[in-house]
Every structure is written in C-alpha cells, then in structure tokens.
Amino acid sequence: MKKPITLNVNGESHRLEVPVHRTLVDVLRDDLGLTGTKKGCDMGECGACTVLLDGKAVNSCLVLAVQADGRQVTTIEGLAVNGKLDRLQETFIEHGAIQCGFCTPGMILSAKALLAENAKPTETEVREGLAGNLCRCTGYVKIVEAVLAASGSPDQAGSPEQKEKD
Amino acid sequence: MMGHFDYLAPKTLAEALGALQDRGSGAAVLAGGTDLLVQLKQRKRDLSCLISVGSLPELKGIRKTPDGMLSVGAATPLGEIVSAAGLSREAACLAEAARKVGSSQVRNLATLGGNLCNAAPSADTAPVLLVMEAGARIAGPGKERVVPLEHFFTGPGATVLQPGEILVAVEIPQAPAGFAASYIKHSVRRAMDIAFVGVAALMVPGADGAGAARVRIGLGAVSPTPMRARKAEAALEGQPFSVELAARAGEIAATECSPITDLRASAEYRREMVAVLTRRALVAAWESAQGGAAR
C-alpha cells in the first residue's frame, strides 16, 4: 500500500508517494537524499536518527513517513541559515564535542529542542535532555559543555580557551 | 525492515472503531508507535493493518472535568503529560512517573494509552495511576465503559480490551485533600531503561496528624500485572506513622508480590527491593504530605 504525502522538510515542501510501512528516517535518507540524519539501531534506542517533528525531538526510525504527512520536519541540514552555522553547531566545533561524528546530528537536534524549551538549562537538565542520544566516543563531557556554552547558562564550565589557562 | 501492512488514519473515533471492526484480528491500533513499530521490525507481530489514532480529537489532551476529575486522552504523548504537571496535584504525580519513561524523543511520541495497552508489568505510569485509583474509559462498537485500572491488566501484554475496543482516556478522580504521592523507579541506568521494580505510594494524613487515614501502594514489574499491595496498605492505615511501621509495610508488600527472575533481576532481589523501596516511597509520600500540611 502506497500513500501520497506532503513532507515539509527544512522549510521545503516535498510531495511524495511512499509505501506506508516506510519510516521517516528511510524516506529522508533514501528518497530525499538528506543523509545527515543517521540510522543507528533502528529501534529508538540510540537517538542517531533524531529529527524535529513540529519542533519536538523524535526518533525518525519510530515514525512512519505517512504519520509525518503535512507536518514540519527539521533535519541537521536545516539548521544552518544561508551558510551560517547554528550556535550549537559552532559550540560543538569550538569545544571539540565531535569524534567520529555519527551521533552529532541527533545530539545537536536534541539539544536544539531542549534549548527551545529551556533556554538556560543546568548541567543535569542537559544530561537528561540528551539521555536518548548515545555517543560511544566522547564520554559526553565535551558535548554537555558545548550545549551549555550555546545556552549561555550559568552552569557552563567556561570557554575552552579559559580552561586551558586554568 | 517491517512487513507490509495497510495504514488507515481515521478522522473520528467512530470511524476508527468502524475500521477496527472491519479489519478484524489482523488490525491493531497505532498510537505513538514506540513499542508497536519495534515489535513489527523485530517480527514479533505480523499485522495486516495499522489504524492510527494519534490525531483523533477524542483521544487527545488533558483536561479537568467539572466534577474535579482529570481526564487524560489515551493518545496524549507522555512529553505533553510531563509539561502539564502544573495543572493539578494529580497531574503532577502522573508527570513524575511519565518523565521516567525512555528518552525525550520517545516521550514525544509514546502515549499514555500505549504505555497501558502494551501492558508491560513494568509500565512506569501504571503504579501511580493505581494509587490514584484511575479508570480506563474504553470505547467499543456502540458503547463506552469505564474499567478501574486495577482490573484493566489481565497478564503480561494482556488487558481487558476486547476485539474492536479502543482505550479512549484515563480518568483520575480528585484525590482526597492533603494527599501526597511518590514514585520510585529502580533500574540499572537512570534513563532509557526498564524498571526492575517500580513503587508508588499515596498517603492521606488523618485528622490527628500522627498517622495516615488512607494509604495506597502500587507495585510494578513484580507480578504478572501492575498491582496494589493491599495488605501492606491495611497495616498502615489508622496507625501512628513511623519509619519502622513503613518498613514493616514494605516487608508485607514483599510477601504480596510474585516477581520472576529474568535478564534484568532475580526474583529474590526484586522481592528485597520491594521491601526497601516501599518503605522509601511511603516515607517520601508521608514527608511530602507533612510539608504540604505545614504550608
């Protein structure tokens, strides 16, 4: 069974005909070529496929593409505006919050949703907000620092330059 | 990769009930999908039709009814329940349990109705709804019924829902004045994990202030269904409250449950933890009730 749907991805409207059993992550990656969204466990455990659906972070492997019909999807490709990186993308680079990079798109989108709801989270709130995003490289410390730095939260541990001087 | 199935997105509850009846036993209700889609991917279920209830107006939202009841639509995402903690004290209790489920991404999809209809003995929202004596409003062909949540679960993965029926809402009656509740989830990891024991406690202080007039204890993951520990409750009611008495109630609760050994924990460990965590949940609820009284 196929169904015609309209997906609004990063502000662009796409009319597609999709098999109803296809998940959003597969349609984003294979039909729209938006491979910034990663497919990890495909079971809602790892968070690599996190996208924003109507502004809320969701696992795109647990959403059928037909369920996203008519809704707004934001992927990592949609964060930079006119080639200028989002503040979170900048702080991830500044803090070296990336190693292999596989978890990064999902991490940044979870962080984006967190900061939209809670502009100045504590470190604990950041860790809770990112609990559904697994990173097997970094040990999370630099990721948490990068999110706090992007928020300007009083909990932030200072810029990397300051830390080196300490 | 999932097998092939049809997908229907009815616009009204009546349409959904009709579709469920037409499609028969190969059809299932799709709410948040965080359990169902995984079961389909793992080929643990084989379905010919998914009927999406995620956008049915009758199943959405949280509202207070004129008689003080809190009605939570079955298709309300857990994330929305977490955000609605300020609506009432009952809403705050449910929110405390809801925020312990999965991750924020899962909670933005997973619904309260899904957590209950999936009927895992470890469902985090169940113990707290049991102590608040919630009811399950169920719609079927041509009629609706309300089943006390205590009688909703019939076994692991099994509920009283008959073929053709849909859970519409969870109804939480206004709790007695001065009540306080707590929920303790015990798991290896603090997030993204399944409880090996969950304990909810609700206490209503008596007029003399020395003990609880009403006590309710809900246990998760230690019997085939979420359950009330009624003998433990009876040991506390009307008695002057003390940590020793709470500990004795915990020992009684441990004898009332019937845990199994699985990959997460042994039956013996679970039983020990029921004793410990029931004591802690009772003390937490009691202290919270005292704090409320002092204000």
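Residues numbered from 1 in each chain as written. Chains lettered and ligands numbered in written order. Predicted model: local features only at pLDDT ≥ 70, side-chain atom pairs only at ≥ 80, totals over all residues.

Asker: Tell me about the domain arrangement of chain B, residues and numbers included.
Answerer: Many structure descriptions define interface size as the accessible area lost when the parts assemble. According to the domain assignment, chain B contains domain 1 (6-52), domain 2 (57-172) and domain 3 (180-294). Centre-to-centre separation of domain 1 of chain B and domain 3 of chain B, based on C-alpha positions: 36 Å. (Domains from an automatic or database assignment.)

Asker: Describe the pairing of strand β2 (residues 12-19) of chain A, with residues and values.
Answerer: Residue and element names in this part refer to chain A. As judged from the eight bridges shared by strand β1 (residues 2-9) and β2, these two strands associate in the antiparallel manner. Paired with Thr6 across the bridge in β2 is Arg15. Following β1, the chain reverses through two residues before pairing antiparallel with β2; Asn10 in that reversal takes a positive phi of roughly 50°. (Pairing = 2+ DSSP bridges. Helix = DSSP H or I, 4+ residues; strand = E, 2+ residues; numbered from the N terminus.)

Asker: Please set out the environment of B:Val168 residue by residue, giving values where relevant.
Answerer: All names here are of chain B. Structurally, Val168 can be placed in strand β10 (residues 166-172). Distance from Val168 to Leu59, taken between C-alpha atoms, is 5.4 Å for residues 109 residues apart in sequence. Setting aside its immediate chain neighbours within four residues, Val168 contacts Leu13, Glu58, Leu59, Ala74, Arg137, Ile138 and Ala139. (Contact = placed C-beta atoms within 7 Å.)

Asker: Which residues make up the packing of helix α2 (residues 87-94) of chain A against helix α3 (residues 104-117) of chain A, and what values go with them?
Answerer: The relative placement of two packed helices comes down to the angle between their axes together with the axis-to-axis distance. Residues and elements named next belong to chain A. Running from N to C, α2 and α3 cross one another at 125°; their axes reach a closest spacing of 10 Å. Looking at the two axes, α2 sits oblique to α3. Taken as a pair, α2 and α3 cross one another with a handedness that is right-handed. On α3, the residues touching Leu88, Gln89 and Phe92 of α2 are Thr104, Ile108, Ala111 and Lys112. Here the residues of the contact of α2 with α3 sort into four nonpolar, two polar and one charged. (Axes fitted to C-alpha atoms, helices over the stretch in contact; angles between N-to-C directions. Parallel < 35°, antiparallel > 145°, perpendicular 65-115°, else oblique. Left-handed = near helix turned anticlockwise from the far one by under 90°. Nonpolar A, V, L, I, M, F, W, Y, C, P; charged D, E, K, R; others polar.)

Asker: Run through the domain arrangement of chain A, naming residues and quoting values.
Answerer: Residues and elements named next belong to chain A. Each assigned domain of chain A is listed with its residue range as follows: domain 1 (2-78) and domain 2 (87-155). At the junction of the two partners, domain 1 supplies 14 residues and domain 2 supplies 13 residues. Broken down by element, the side of domain 1 that touches domain 2 gets its largest block of residues, three residues, from strand β3 (residues 50-53). The residue makeup of the side of domain 1 that touches domain 2, split by class, is seven nonpolar, five polar and two charged.

Asker: Which residues make up unusual backbone geometry, and what values go with them?
Answerer: Of note in this structure, A:Asp42 is not a glycine but carries a positive phi near 65°. Inspection of the secondary structure puts A:Asp42 in the loop between α1 (24-31) and β3. Here A:Asp42 falls in the partly exposed class, since 19 other C-beta atoms lie within 10 Å of it. At B:Ala221, a residue that is not glycine, the phi angle is positive and equals roughly 70°. (Buried ≥ 20, exposed ≤ 12 C-beta atoms within 10 Å, placed from the backbone.)

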